[in-house]
Amino acid sequence: MRAAESRLSQLAYGCMLIQGVNVGWLGPFLPEISAAMRVSIDRAGLVVSAVAAGYLAALIAGGEVAHRKSAQQMLGGAMILVSAGLAGIALAPRIGAMLVAAAIVGLGQGAIDIAANAIVADLNRERLGAALNYLHVMFGVGALVGPVIVGFALRSHVPYPFPFALGAALTATVAIMLCLAPPVDARAHGYEVHGAFAILTHPMVWVIATVLFLYVGAETGVGAWLFSYLRAQTAAGASLASWAVSLYWFGLVAGRLVGGVLANRIAPKAMAVAACALSAVAIAGLIAAPGVPAFAAAMIFFIGAGYGPGFPNMIAIGAATFPAEVGRMTSVVAAGGAVGAIVVPWMMGYTLAASGARSSMEAALAITAMMAVCLCVLRSVSSPAQARAAS
């Protein structure tokens, strides 16, 4: 049984790695997609929003699926969807078809988030914060690798359909491995089941969902538009700007690694507030001096490092509050993140096109500051168990 659990955990980590690659390479590929599809850059940016829309659609039904069925089976189905969507992006002749394919990718990625978080949380009850931070390190590693792939593709004049087709093949391979893996019942037993209605009516869930709306929106928006921001505000070439986006995702990885190490020493809520403040200060620094290479590089790294622990710490707080229903809880709070990923990158892209690159990054700063305020509110909200003890 331990070997089967270990294999399932490794596959969950691998799925999160692939999800990170898909997020990390979309932004740097947007200018090439814009040229190939013969559409404006902000319209090409709708690919990011289409992925987020599919992600949101998966979350609406995915929580009940994960609670009633096997998260392992859900993860296998998710990888099949991602593979089909990546193949569709590679082959799409028009932007409309590409948006449909991107939405299919989003459906799979929403299911990955629910299933992978449920599997890792249920297999690591005694170390939720650390385990979830390390799971999301894999997302960051993938998001770091994605822009590097774009950088080499641009330098080698490899058209974007080839990397997407290769990604489809790799994802299909992981799906097959999940289907062949021994079944493992990773769900937690012996905990109170609150039900979907109780989760939806608890204030902590809604505060977490609001934090993730702002967090995922800012993280995705900066990842999608940092390349264009640097190209507009500095003399950086395409390859250098792409690698700078990798530095951002590298900071995200580092932040989650540090979050995993500190999880047993610092409460998730306190860690999230401090990390958010770090990102806000770093964004302000990048806006102030984007043309100073060493300083800008440091700011880009710290933006990512501050964002790093955000998502896993929010899931850890929710999983500790509703231990028997991690899938349901994740679907609700991550839906807030999905809406943020639809709205914020589009808003930043529109701002970039209408008012310039600097304004788009100023929007990211304002959103990050709002997230810090919501995190302070979260610190005052009690869990169901704490509320019962107080009464």
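Calculation notes
Residues numbered from 1 in each chain as written. Predicted model: local features only at pLDDT ≥ 70, side-chain atom pairs only at ≥ 80, totals over all residues. Heavy atoms only, no water. Helix = DSSP H or I, 4+ residues; strand = E, 2+ residues; numbered from the N terminus. Salt bridge = Lys/Arg side-chain N within 4 Å of Asp/Glu carboxyl O. Buried < 20%, exposed > 50% of the residue type's maximum accessible area, 1.4 Å probe, protein only. Patch = residues over 30% accessible without salt bridge, like charges linked within 9 Å, V, L, I, M, F, W, Y side chains within 5 Å. Areas by Shrake-Rupley, 256 points an atom, 1.4 Å probe, with all protein chains shown as cover. Core = buried A, V, L, I, M, F, W, Y, C linked by side-chain atoms within 4.5 Å. Contact = heavy atoms within 4.5 Å. Expected span 1.5 Å × (residues − 1). Phe/Tyr/Trp six-rings, centres within 6.5 Å; stacked < 30°, edge-to-face > 60°. Axes fitted to C-alpha atoms, helices over the stretch in contact; angles between N-to-C directions. Parallel < 35°, antiparallel > 145°, perpendicular 65-115°, else oblique. Left-handed = near helix turned anticlockwise from the far one by under 90°. Nonpolar A, V, L, I, M, F, W, Y, C, P; charged D, E, K, R; others polar. pLDDT = per-residue confidence, 0-100.

A. Quick peek at the environment of methionine 74. Counting through the fold element by element, methionine 74 comes out in helix H4 (residues 71-91). Spatially, the C-alpha atom of methionine 74 lies 7.8 Å from that of isoleucine 112, the residues being 38 residues apart in sequence.

B. Fine view of the environment of glycine 291. Position of glycine 291 relative to the elements: it lies in the loop between helix H11 (268-288) and helix H12 (293-307). Sequence separation between glycine 291 and leucine 230 is 61 residues, and the spatial gap between their C-alpha atoms is 8.7 Å.

C. Broad picture of the pattern of salt bridges. Evaluation of the coordinates by the stated rule reveals 2 salt bridges. Here arginine 256 makes a salt bridge to glutamate 219, at a shortest N to O gap of 3.5 Å. In this pair, arginine 256 is assigned in helix H10 (residues 238-262) and glutamate 219 in helix H9 (residues 203-233), connecting sequence segments 37 residues apart. Across this residue pair, the class does not change: arginine 256 and glutamate 219 are buried.

D. Region of the structure containing a nonpolar patch on the surface. A cluster of nonpolar residues, Leu46, Trp346 and Tyr350, forms a patch on the protein surface that exposes about 320 Å² of accessible area. Relative to the elements of secondary structure, tyrosine 350 occurs in helix H14 (residues 326-355).

E. Local environment of the nonpolar core. Counting residues in each nonpolar core, the largest one holds 124 residues, and the members touching the most others are Leu226 and Tyr307. If you tally residues by element for this core, the top one is H9, at 17 residues. With near-sequence residues (within four places) excluded, leucine 226 lies in contact with Gly221, Ala244, Val245, Tyr248, Leu286, Ile300 and Met361.

F. Highlighting helix H1 (residues 2-37). The terminal C-alpha atoms of H1, which comprises 36 residues, lie 49 Å apart, in line with the 52 Å expected from a rise of 1.5 Å per residue. Following H1 by one or two positions, arginine 38 has its phi on the positive side, about 60 degrees.

G. Representation of the environment of tryptophan 346. Tracing the backbone through its elements, the reader meets tryptophan 346 in helix H14. The exposure class assigned to tryptophan 346 is partly exposed, which follows from its relative accessible area of 46%. Along the chain, tryptophan 346 and threonine 234 lie 112 residues apart, while their C-alpha atoms are 23 Å from each other. Not counting residues within four places of it along the chain, the set of residues in contact with tryptophan 346 comprises Leu46 and Ser49.

H. Here's a closer look at the packing of aromatic side chains. For the structure shown, the criterion picks out 11 aromatic pairs. With centroids separated by 5.4 Å and ring planes inclined at 40 degrees, the aromatic side chains of phenylalanine 29 and phenylalanine 164 adopt a geometry described as tilted. Taken together, the positions of phenylalanine 29 in helix H1 and phenylalanine 164 in helix H7 (residues 161-180) put the pair 135 residues apart, joining distant regions of the chain. Of the two residues, phenylalanine 29 and phenylalanine 164, neither departs from the other in class, the shared state being buried. Between phenylalanine 250 and phenylalanine 301, the aromatic rings sit 5.8 Å apart at their centres with planes inclined by 45 degrees, giving tilted as the arrangement. Of this pair, phenylalanine 250 sits in helix H10 while phenylalanine 301 sits in helix H12, and the two are 51 residues apart along the sequence. Three or more aromatic residues joined by ring pairs form one cluster here, namely Phe139, Tyr215, Tyr248, Trp249 and Tyr307.

I. Spotlight on the packing of H4 against helix H5 (residues 95-123). Following both chains from N to C, one finds H4 and H5 inclined at 155 degrees, their axes separated by 7 Å at the closest point. For the element pair H4 / H5, the angle class is roughly antiparallel. Considering how the two elements wind past one another, H4 and H5 form a crossing that is left-handed. For the contact of H4 with H5, the per-class residue count stands at 22 nonpolar, 5 polar and no charged.

J. Broad picture of the confidence of the model for the protein. Scored by pLDDT, the protein comes out at a mean of 84, with 91% of its residues at no less than 70. Between residues 384-391, whose pLDDT stays under 50, and residues either more than four places distant or in other chains, the model counts 8 contacts.

K. Representation of the packing of H1 against helix H6 (residues 128-155) within the structure. Remark: H1 packs on H6, axes separated minimally by 6 Å, with the N-to-C direction vectors making an angle of 35 degrees. By crossing handedness, the relation of H1 to H6 is classed as right-handed. Residues belonging to the contact of H1 with H6 are distributed by class as follows: 20 nonpolar, 6 polar and 1 charged.

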